[in-house]
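Chain by chain, the residues:
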Amino acid sequence: MIPMAQEGELLVGSGSFRSAGPIGLTMPVSRDPRGPDRSLLWMAYDSHATWAAVTLNAAQAFGWTTTVTTREYADASERPVYLVDQFAAEAVADGWERDNLHRSALANAARQPAFQRLVKLGGSAISLALKRLGGSQRPLWLLFLSVTTTDRPAAGAETVEDAAEAWRRWGRRHRYI
Amino acid sequence: MGERRRIDDRFPRLATDGYEITSQPDDTYNCVAWVARDLRRWWHPGDIDGFYWPDELGEGDSLTDYIAVFGYLGFSACSDGALVPGVEKIAVYGRDDEFDHVAFQRTDGSWSSKLGELSDIRHPYDHSLSGSGPFEYKPVVLYMQRARLPHQLAETGLILP
């Protein structure tokens, strides 16, 4: 049984492990490449490009079932690389959005270094793209998904809104989001 | 960050010359759609689901391809952006066969632009959007014109609530 924390209670601190109390931490240590992706939506990051905070209630919301004690998780070998990767992905995605916010012609966006960095993240980037389809720069992420995936769940859609919704349904079906 | 700040940061020359925001930010349509007065779709070439491009045109994304779509909308090349009664002009921005932006001229001689996923704006000069800054558009490389069609959006843009 996972002990519950209060909303917003920090369980993991930036840079070094910090226990919120004498409780175990449930983390997605699955090697299933989709497992880490799912967890990332719930991560908060500080500005130091390390890793920041997870709330227990978020952990339970995701149904994480692998209990890792604080000591185990503090071990460097257990500190998931994807945490750092995801921080980088968020930062790169922010920059990519910022650089193209005023662009109507997006072909160049797929040739920018940020795009290439995101592509290298594989499934993590797809989750991130699907999440950002809920934001205000949907055309950019429609472009990203069209280039990086072979599925075409939005085939025939002529509007950004219809395509974004089709992609998000696809993402839920494939458990990316 | 406010919309004006986001625009000012990207277009310093525009910030100096002055402009008016005429819509909310909107990612459902872009500058090409704005010239077509289609506020429902993002006009963009290429096989990208959710984007619209006329079936009659190719999927290339060069400046030439964009000029073709403006031809499809009834525009033909002209010599300048001077105001002519009864004529609607557009300014096409780009360089080296790469399309960057398009603005249309209002009846008072000022210009209207949809700035990507940002707002529509009214700006007095077409060249205010161009410059050497990292976000500024490339220069106007072509003016095109067609007979001015009467419709409300051409004059007002989308008015803020």
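Structure first, text after, so check above.
Read on for a plain summary of the structure. (Residues numbered from 1 in each chain as written. Chains lettered and ligands numbered in written order. Predicted model: local features only at pLDDT ≥ 70, side-chain atom pairs only at ≥ 80, totals over all residues.)

## Some remarks on unusual backbone geometry
Glycine aside, residues mostly have negative phi, and peptide bonds are mostly found in the trans state. All names here are of chain B. Formally: Helix and strand definitions here come from DSSP, where helices need a minimum of 4 consecutive H or I residues and strands a minimum of 2 consecutive E residues; each element is numbered from the N-terminal end. Three classes are used. A residue is buried when 20 or more other C-beta atoms lie within 10 Å of its own, exposed when 12 or fewer do, and partly exposed in between, with C-beta atoms placed from the backbone.
A positive phi angle, close to 50°, is found at Asp-96, a residue other than glycine. With respect to the element layout, Asp-96 can be found in the loop between β5 (87-95) and β6 (98-105). Taking the C-beta count within 10 Å as the criterion, Asp-96 has 8 such neighbours and is therefore assigned exposed. Not every positive phi belongs to a glycine, and Asp-97 is a case in point at roughly 60°. By the secondary structure assignment, Asp-97 is in the loop between β5 and β6. Since 14 C-beta atoms lie within 10 Å of it, Asp-97 is described here as partly exposed.

## Remarks on the packing of helix α7 (residues 138-148) of chain A against helix α8 (residues 160-173) of chain A
All names here are of chain A. To be explicit about the condition: Only the stretch in contact is used when a helix axis is fitted, and all axes are lines through C-alpha atoms; the angle between N-to-C directions ranges over 0 to 180 degrees. With respect to orientation, any angle under 35 degrees is reported as roughly parallel, any angle over 145 as roughly antiparallel, any angle of 65 to 115 as roughly perpendicular, and every other angle as oblique. Each crossing is labelled by how the near helix is turned from the far one, with a counterclockwise turn of less than a right angle marking it left-handed and a clockwise turn marking it right-handed. For the purpose of contact definition, each residue receives a C-beta atom placed from its backbone, and two residues are in contact when these atoms lie within 7 Å. Following the grouping adopted for this structure description, the nonpolar residues are Ala, Val, Leu, Ile, Met, Phe, Trp, Tyr, Cys and Pro, the charged ones are Asp, Glu, Lys and Arg, and the polar ones are all others, Gly among them.
The N-to-C vectors of α7 and α8 enclose an angle of 50°; their axes lie 10 Å apart at closest approach. If you check the angle between α7 and α8, you find them oblique. Between α7 and α8 lies a crossing whose hand is left-handed. Each of Arg-138, Pro-139, Leu-142 and Leu-145 in α7 lies in contact with α8, whose residues at this interface are Val-160, Ala-163, Ala-164 and Trp-167. Tallied by class, the residues present in the contact of α7 with α8 amount to seven nonpolar, no polar and one charged.

## So, the nonpolar core
We apply this condition: Only buried Ala, Val, Leu, Ile, Met, Phe, Trp, Tyr and Cys residues enter a nonpolar core, and they are joined through C-beta atoms within 7 Å.
Of all hydrophobic cores here, the largest spans 70 residues; its most connected members are Leu-118 and Ala-129 of chain A together with Ile-90, Val-92 and Val-102 of chain B. No other element matches α7 of chain A, which puts six residues into this core. If near-sequence neighbours (up to four positions away) are discounted, Val-102 of chain B is found in contact with Cys-31, Val-32, Val-35, Ile-90, Ala-91, Val-92 and Tyr-93 of chain B.

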